[in-house]
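# Reading the structure
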Amino acid sequence: MAKRSFLIPGVDKRLLIKDSIKTMPDVTRRRFIAGGASLGALTLLTGCDVVDSSSAEAMLAKVSKFNDAVQDFIFNPDALAPTFPESAITKPFPFNAYYDLDDAPEIAADDWKLEVRGLVDNKKSWTLPELYKLPQVTQITRHICVEGWSAIGSWTGTPLRDFLKLIGADTRAKYVWFQCADKDGYNSPLDMRTALHPQTQMTFKYANEILPRAYGFPMKIRVPTKLGFKNPKYVVSMEVTNDYKGGYWEDQGYNSFSGS
Ligand SMILES: Nc1nc2c(c(=O)[nH]1)N[C@H]1C(S)=C(S)[C@@H](COP(=O)(O)O)O[C@H]1N2
Ligand SMILES: [Mo]
């Protein structure tokens, strides 16, 4: 691949992405753009964080090769997100929302219940102690935000697919739609295939400690195959539905697919 001027430090990342997309084969490029090409998506699929010229170069090298693994990761929603050793964890893990941490929901554990709605056999609400009794697993994965940062963290919780099975969800439905406690509302639809992905998790702990307020106490949905905004925090309800109900960032033009 020819050296390009975009490797000059400080160059606009967007231009860099445009250039890298040009290096893709025709069909792949069309599918990639249709799938919502973005800096975040590219970061997600290459595993490289585009923060400086050398990481940009590494990313482009991967994209230009465009091997089967990369193709599989973009076009196959069942592909596994990479996992990392504890030594790779980013400390401290960043807080991010559309407001400052001071304005993050403060949820009292005793008052909180997870409401279950829509196409499920059992619409019972779940208290935190009840949810904590479900089998949990720990995953160290990378979280990628469209705003241009990524960080590796350790999340513990119950695979969402186990919970969906437990409540008798109709897994032929198109979406699981999450609503959050944020004061101006935050919500996000997740396609059923991703909801059933083995790494998609109802997360109760961060770094082996009860999920702090910053990261979504008492529960967030951790989706390592999707961009950060598809990982709702402070979740208060989930609805199994065939209706596309939109989402906070999705409604502002971010692609709902946003990941693999
Ligand atoms: N309820 C809620 N969930 C949310 C957000 C939010 O503003 N409110 N922001 C999203 C975005 S854009 C990102 S990058 C991650 C940030 O999660 P973190 O604070 O644990 O890093 O949460 C996602 N989930
Ligand atoms: Mo984000």
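Within each chain, residues carry numbers counting from 1 in the order of the written sequence. Chain A is the first chain written and ligand 1 is the first ligand written, with later ones labelled in order. Per-residue local features are limited, in this predicted model, to residues with pLDDT of at least 70; the limit for side-chain atom pairs, both in listing and counting, is 80 or more; totals at the level of whole chains, interfaces and linings are taken over all residues. To obtain the side-chain values, all non-hydrogen atoms of the structure were used and water was disregarded.

### Things to note about the nonpolar core
The test is simple: Residues grouped as a nonpolar core are buried Ala, Val, Leu, Ile, Met, Phe, Trp, Tyr and Cys residues, joined through side-chain atoms within 4.5 Å. Burial classification: accessible surface area is computed with a 1.4 Å probe over protein chains only, and a residue below 20% of its type maximum counts as buried, one above 50% as exposed, and the rest as partly exposed. Under the scheme used here, helices are H or I runs from DSSP no shorter than 4 residues and strands are E runs no shorter than 2 residues, and both carry numbers assigned from the N terminus. In this analysis, two residues are considered to be in contact whenever any of their non-hydrogen atoms come within 4.5 Å of each other.
Judged by nonpolar contacts, the single largest core of 37 residues is most densely connected at Leu114, Leu131, Phe163, Leu164, Met202, Met219 and Met238. Counting only elements with at least two residues in this core, the list comes to helix 6 (128-132), helix 7 (160-166), strand 4 (175-180), helix 8 (192-195), strand 6 (201-206) and strand 9 (235-241). Excluding residues that lie within four positions of it along the chain, Met202 makes contacts with Leu114, Leu131, Thr156, Gly157, Thr158, Leu160, Phe163, Met219, Lys220, Ile221 and Met238.

### Some details on the environment of Ile140
With respect to the helices and strands, Ile140 occurs in strand 2 (residues 137-145). Taking the C-alpha atoms as reference, Ile140 lies 6.4 Å from Trp155; in sequence the two are 15 residues apart. Here Ile140 is in contact with Pro82, Thr83, Phe84, Pro85, Glu86, Ile89, Ile152, Gly153 and Ser154, once residues within four sequence places are set aside.

### Quick look at the side chain of Lys233
The cut-off we apply is this: Under the counting rule used here, the positive set is Lys and Arg, the negative set is Asp and Glu, and His together with the chain ends is not counted. Throughout this description, the term salt bridge denotes a Lys or Arg side-chain nitrogen within 4 Å of a carboxyl oxygen of Asp or Glu. Throughout this description, a polar contact denotes any pair of N or O atoms lying within 3.5 Å of each other; where both atoms belong to protein, one of them has to be capable of donating a hydrogen while the other can accept it, and for residues adjacent in sequence the pair is counted only when both atoms sit in side chains.
The topology assignment puts Lys233 in the loop between strand 8 (220-222) and strand 9. Buried and unpaired, Lys233 has no salt bridge, with Asp182 as the nearest side chain of opposite charge at 7.1 Å. Of note is the side chain of Lys233, whose polar atom sits 2.9 Å from the backbone oxygen of Asn96.

### Digging into the packing of aromatic side chains
For clarity, the cut-off: For Phe, Tyr and Trp, rings pair up if their centres lie within 6.5 Å, where Trp contributes its six-membered ring, and each pair is then called stacked (planes under 30 degrees apart), edge-to-face (over 60) or tilted (otherwise). As a reminder, the over-ring test applies to NZ of lysine and CZ of arginine, requiring each to be within 6 Å of the ring centre and within 35 degrees of the ring normal.
By the definition in use, this model includes 13 aromatic pairs. Consider the rings of Trp126 and Phe163, whose centres lie 5.1 Å apart with planes at 70°: the pair is edge-to-face. Of this pair, Trp126 sits in the loop between strand 1 (115-118) and helix 6 while Phe163 sits in helix 7; the two residues are 37 residues apart in sequence, bridging distant segments of the chain. The residues Trp126 and Phe163 share a single accessibility class, namely buried. In textbook terms, an aromatic cluster arises when at least three aromatic residues are bridged by ring pairs, as seen for Tyr98, Tyr99, Tyr186, Tyr248 and Trp249. Over the aromatic face of Trp126 sits the side chain of Lys124, whose NZ or CZ is 4.8 Å from the ring centroid.

### Here we look at the pattern of salt bridges
Taken as a whole and judged by the stated rule, the model has eight salt bridges. Here Arg193 ties to Asp78 by a salt bridge, and the two come within 2.7 Å at their closest N and O atoms. Here the residue Arg193 occupies a position in helix 8, and Asp78 occupies one in the loop between helix 5 (68-75) and strand 1, the gap between them amounting to 115 residues. Using a relative accessible area of 38% as the deciding quantity, one classes Asp78 as partly exposed. In this structure, the salt-bridge partner of Glu106 is Arg213, at a minimum N-O distance of 4.0 Å. Highlighted residues: Glu106 in the loop between helix 5 and strand 1 and Arg213 in the loop between strand 7 (209-210) and strand 8, separated in sequence by 107 residues.

### Comments concerning the site of ligand 1
Cut-off, in case you're wondering: The criterion for a residue being near a molecule or strand is simple. One of its heavy atoms has to lie within 4 Å of it. In this count, Pro and Cys sit with the nonpolar residues alongside Ala, Val, Leu, Ile, Met, Phe, Trp and Tyr, while Asp, Glu, Lys and Arg are called charged and the others, Gly among them, polar.
The immediate surroundings of ligand 1 are formed by 23 residues, with Pro94, Asn96, Asp182, Asn231 and Lys233 found nearest. One of the backbone nitrogen or oxygen atoms of Pro94 is found 2.7 Å away from an oxygen atom of ligand 1. A distance of 2.8 Å separates an oxygen atom of ligand 1 from a polar backbone atom of Asn96. By residue class, the composition of the shell around ligand 1 is 16 nonpolar, four polar and three charged.

### Side note on the confidence of the model for the protein
Definition in use: Confidence per residue, as judged by the predictor, is encoded in pLDDT with a range of 0 to 100.
Confidence in the prediction for the protein averages 82 pLDDT; 68% of positions are at 70 or higher. Taken as a whole, residues 1-11 scores under 50 in pLDDT and shows 13 contacts with residues more than four places along the chain or in a different chain.

### Notes on the pairing of strand 4
Let me state the cut-off plainly: Any two strands with at least two DSSP bridges between them are considered paired.
With five of its six residues buried, strand 4 lies for the most part within the structure. Where strand 4 lies against strand 5 (residues 187-191), five bridges are found, and the strand directions are antiparallel. Across the sheet, residue Phe178 finds its bridge partner in strand 5, namely Ser188. The loop that links strand 4 with its antiparallel partner strand 5 comprises six residues; one of these, Gly185, has a positive phi angle of about 85°. Note that strand 4 and strand 9 share six bridges and pair antiparallel. Each residue of the ladder has a partner; that of Trp177, found in strand 9, is Glu239.

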